[in-house]
Amino acid sequence: MTVIDLPANEPALSEETGNALARALADPDPGVRRAAADALIDEREVLIGEEGVRALVDAKANGPDPYVRAVAAELVRAMRAAAWEIYTQALTREDGARAETVRGLVVLRAATELAEMALTDPDWRVRRRAVAALGGLDGRDAIGPLTSALEDEIVSVRRAAVRALGAWAADRHYARTALTAALNDPDAGVRTEARWALA
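Residues numbered from 1 in each chain as written. Predicted model: local features only at pLDDT ≥ 70, side-chain atom pairs only at ≥ 80, totals over all residues. Heavy atoms only, no water.

Caption draft 1: Just the packing of helix α6 (residues 111-120) against helix α8 (residues 139-149), in detail. Direction vectors running N to C along α6 and α8 enclose 0 degrees, while the axes themselves pass 10 Å from each other. Put simply, α6 runs roughly parallel to α8. In contact with A111, A115 and L119 of α6, α8 contributes D141, P145, S148 and A149. Classifying every residue of the contact of α6 with α8 gives five nonpolar, one polar and one charged. (Axes fitted to C-alpha atoms, helices over the stretch in contact; angles between N-to-C directions. Helix = DSSP H or I, 4+ residues; strand = E, 2+ residues; numbered from the N terminus. Parallel < 35°, antiparallel > 145°, perpendicular 65-115°, else oblique. Contact = heavy atoms within 4.5 Å. Nonpolar A, V, L, I, M, F, W, Y, C, P; charged D, E, K, R; others polar.)

Next comes the structure, spelled out in structure tokens:
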């Protein structure tokens, strides 16, 4: 299906179509990119799967023209806001399903939201998942929250923070400083992982 062939009266575009539109934001033809961007910001509901979200995140950062980057940035912003709303609603209901929002926020590369979860969620398992997820993001956004997570009361969360910080130990001063501080952690496992990360 091309962007030209989109059904005109379909109330909600399928996930397959949403993914195809998101991928089309990187098409070599500027007309196709523009048509895909226009379709994505149309008032109709567009379902976008993980593959499409990854394409949007890439278009936001690397889109071939300003219009594509602006549309992708707006869609990613809206998705992050929706994911955060789902998380906060689940939090007020003490719903364990909020841990599932971690995956969506990772795909959206939502460092701010993941950092908040890593530092404040009442469930240590959610904090640990968010900490681990931060390790896969850009160090500029992750090192600060991961350093704070080294103070978590739960050993498993602190170990996850050390493992995540280890990714930047070689080239980021702040990561090395945090890992050096972790050498004094009361848990032998945290200390050992910090030594390995610094080696």
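Moving on from the coordinates now.
Caption draft 2: Just the nonpolar core, in detail. If you look at the biggest cluster of nonpolar residues, it comprises 60 residues, and the most contacted ones within it are L25, L56, L114 and L146. For this core, the element with the most residues is helix α4 (residues 66-92), which contributes seven residues. (Core = buried A, V, L, I, M, F, W, Y, C linked by side-chain atoms within 4.5 Å. Buried < 20%, exposed > 50% of the residue type's maximum accessible area, 1.4 Å probe, protein only.)

Caption draft 3: Inspection of the environment of D42 at higher detail. Residue position: D42 is located in the loop between α2 (30-41) and β2 (45-46). Separated by 20 residues in the primary sequence, D42 and A22 have C-alpha atoms spaced 13 Å apart.

Caption draft 4: Quick peek at the packing of helix α10 (residues 173-182) against helix α11 (residues 188-198). At their nearest, the axes of α10 and α11 sit 8 Å apart, and the two run at 145 degrees to each other. Here α10 runs over α11; the crossing is left-handed. Contact residues: α10 offers R176, L179, T180 and A182, while α11 offers V190, R191, A194, A197 and L198. Here the contact of α10 with α11 is composed, by residue class, of six nonpolar, one polar and two charged. (Left-handed = near helix turned anticlockwise from the far one by under 90°.)

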